Amino acid sequence: MFFSSNAAETWLIAGLGNPGREYEKTRHNTGFLALDALSKALGVRVNKPKFQGEVGVCEYKGKRLILLKPQTYMNLSGRSVLQLSAYFGIPPQRIIVMFDDISLEPGRLRVRAEGSAGGHNGIKSIIQELGSQDFPRVKIGVGAKPNPEYDLAAWVLSTFSASEEKALAVSLKNAADAALSII
């Protein structure tokens, strides 16, 4: 059943982040956290090591969903997404990517049908590997860095404040709902 080829239309939903305990609750792992919220809502575990990632499969409204957490680190996320999508013949238009966005405050989402990388290295990697930017995405606000001199890498690898965590909890559920709405 894990990789049955007789299922109807297949969708890939990828949550971006970095593997390892030291990154678990950082801003850059918001995509992983959103995928966790989605997998919980769907009752599926994302824990099978395949395609340089952790994978879970389920059915939703007659469609097969493959949930993916790339384990390649953020900047190489496209490798895992490409391997899985190529294996199953999933076109970019049926690949939904959930990830952190510093231009949105915690608790805010932005859903796009397509677009550029917008400076996000994980999305840049996916665009490069797929050769397309025509895939839907759910951007999850993690807040802007405190001042222009603050190092961006240090910011996205920092954790949320208590008040930001409250806003984030709501946006993670909303991100999961948004991914299902796209389907």
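Starting afresh in each chain, residues are numbered from 1 along the sequence in its written order. Local features in a predicted model are, by the rule used here, given only for residues with pLDDT of at least 70; side-chain atom pairs are given and counted only at 80 or more, and totals for whole chains, interfaces and linings are based on all residues. Values shown for side chains rest on all heavy atoms present in the structure; no hydrogens or waters enter the calculation.

1. Re the overall build of the chain
A count of helices and strands for the chain gives five helices and seven strands. Mapped from its N terminus to its C terminus, the chain presents α and β elements in the order β-α-β-β-β-α-β-β-α-β-α-α. For the radius of gyration, the atoms used are the C-alpha atoms, and the globule rule reads 2.2 Å times the number of residues raised to 0.38. Since a compact globule built from 183 residues should have a radius of gyration of about 16 Å, the 15 Å found for the chain is in line with a globular shape. The principal-axis extents of the C-alpha atoms in the chain amount to approximately 50 × 30 × 30 Å. In this analysis, two residues are considered to be in contact whenever any of their non-hydrogen atoms come within 4.5 Å of each other. Within the chain, contacts between residues separated by at least 24 positions form 70% of all contacts whose residues are at least 6 apart in sequence. For the chain, the computed accessible surface area is about 8,800 Å², with 50% contributed by carbon and sulfur atoms. When charges are counted, neither His nor the chain ends are considered; positive counts come from Lys and Arg and negative counts from Asp and Glu. Where a charge sits is defined by one atom per residue type, namely NZ (Lys), CZ (Arg), CG (Asp) or CD (Glu). Side-chain charges in the chain split into 22 positive and 17 negative, and the spacing between the mean points of these groups amounts to 5 Å. Numbering of helices and strands runs from the N terminus, with a helix taken as a DSSP run of H or I at least four residues long and a strand as a DSSP run of E at least two residues long. Method for areas: the Shrake-Rupley scheme with a 1.4 Å probe, in which residue coverage is limited to the protein chains shown.

2. A closer look at the nonpolar core
In these notes, a set of buried Ala, Val, Leu, Ile, Met, Phe, Trp, Tyr and Cys residues joined through side-chain atoms within 4.5 Å is what counts as a nonpolar core. Exposed residues in this analysis have more than 50% of their type's maximum accessible area, buried residues have under 20%, and partly exposed residues fall in between, with area computed by a 1.4 Å probe over protein chains only. Among the nonpolar cores identified, the biggest contains 24 residues, and Ile13, Leu38, Leu65, Leu67 and Met98 are the most heavily contacted of them. Per-element tally for this core: the top contributor is helix H5 (residues 162-182), with seven residues. If we skip the residues at most four places from it in the chain, Met98 touches Ile13, Ala14, Gly15, Leu16, Gly31, Ala34, Leu35, Leu38, Val138, Ile140, Ala175 and Ala179. Of all hydrophobic cores here, the second largest spans 22 residues; its members include Val55, Phe88, Ile126 and Ile127.

3. Let's talk about the sheet that holds strand E5 (residues 95-101)
Here we have seven strands laid out as an open sheet, ordered E2-E3-E4-E1-E5-E7-E6, and mixed in their pairing. At either margin of the open sheet sits one strand with a lone partner, and together these are strand E2 (48-50) and strand E6 (109-112). Between one strand axis and the next, the sheet turns through 25° on average, direction left out of account. Looking at chain direction, E5 and strand E7 (residues 137-141) are connected through five bridges and run parallel. Paired with Val97 across the strands is Arg137, a residue of E7. Against the sheet, helix H2 (residues 77-88) engages strand E1 (10-15), strand E3 (53-60), strand E4 (63-70) and E5, with an angle of about 155° to E4. Axis lines are fitted through C-alpha atoms, for helices just across the contact stretch, and the angle between N-to-C directions can take any value from 0 to 180 degrees. Helix H3 (residues 121-130) rests against E5 and E7 of the sheet, and its axis sits at about 155° to E5. Pairing between strands is defined by DSSP: at least two bridges between them are needed.

4. Concerning H3
Considered for burial, the residues of H3 that qualify are Gly122, Ile123, Ser125, Ile126, Ile127 and Leu130. Positive phi appears at Gly131, one or two residues downstream of H3, with a value of about 70°.

5. Some thoughts on the layout of surface pockets
In this analysis the probe radius is 1.4 Å and the grid spacing 1 Å, with only protein atoms considered; a cavity is a set of points the probe fits into but cannot get out of, a pocket is an open set with protein on both sides within 12 Å along at least five of seven lines, and lining residues have an atom within 4 Å of a point. Grid points are joined across faces, edges and corners, and a volume is the space filled by probe spheres set on the points. Here the largest pocket defines a volume of roughly 480 Å³. Taken together, 24 residues line the largest pocket, and the ones lying closest to its centre are His28, Gly119, His120, Asn121 and Leu152. Looking at the lining of the largest pocket residue by residue, the classes come out as 10 nonpolar, 10 polar and four charged. Approximately 320 Å³ is the volume attributed to the second largest pocket. Lining of the second largest pocket is provided by 18 residues; of these, Glu24, Lys25, Asn29, Leu33 and Asp36 occupy positions nearest its centre. Among the secondary structure elements, those contributing two or more residues to the lining of the second largest pocket are helix H1 (30-42) and H5. With four residues, H5 is the largest single contributor of residues to the lining of the second largest pocket. Each residue receives one of three labels: charged for Asp, Glu, Lys and Arg, nonpolar for Ala, Val, Leu, Ile, Met, Phe, Trp, Tyr, Cys and Pro, and polar for the others, Gly being one of them. Looking at the lining of the second largest pocket residue by residue, the class counts come to seven nonpolar, five polar and six charged.

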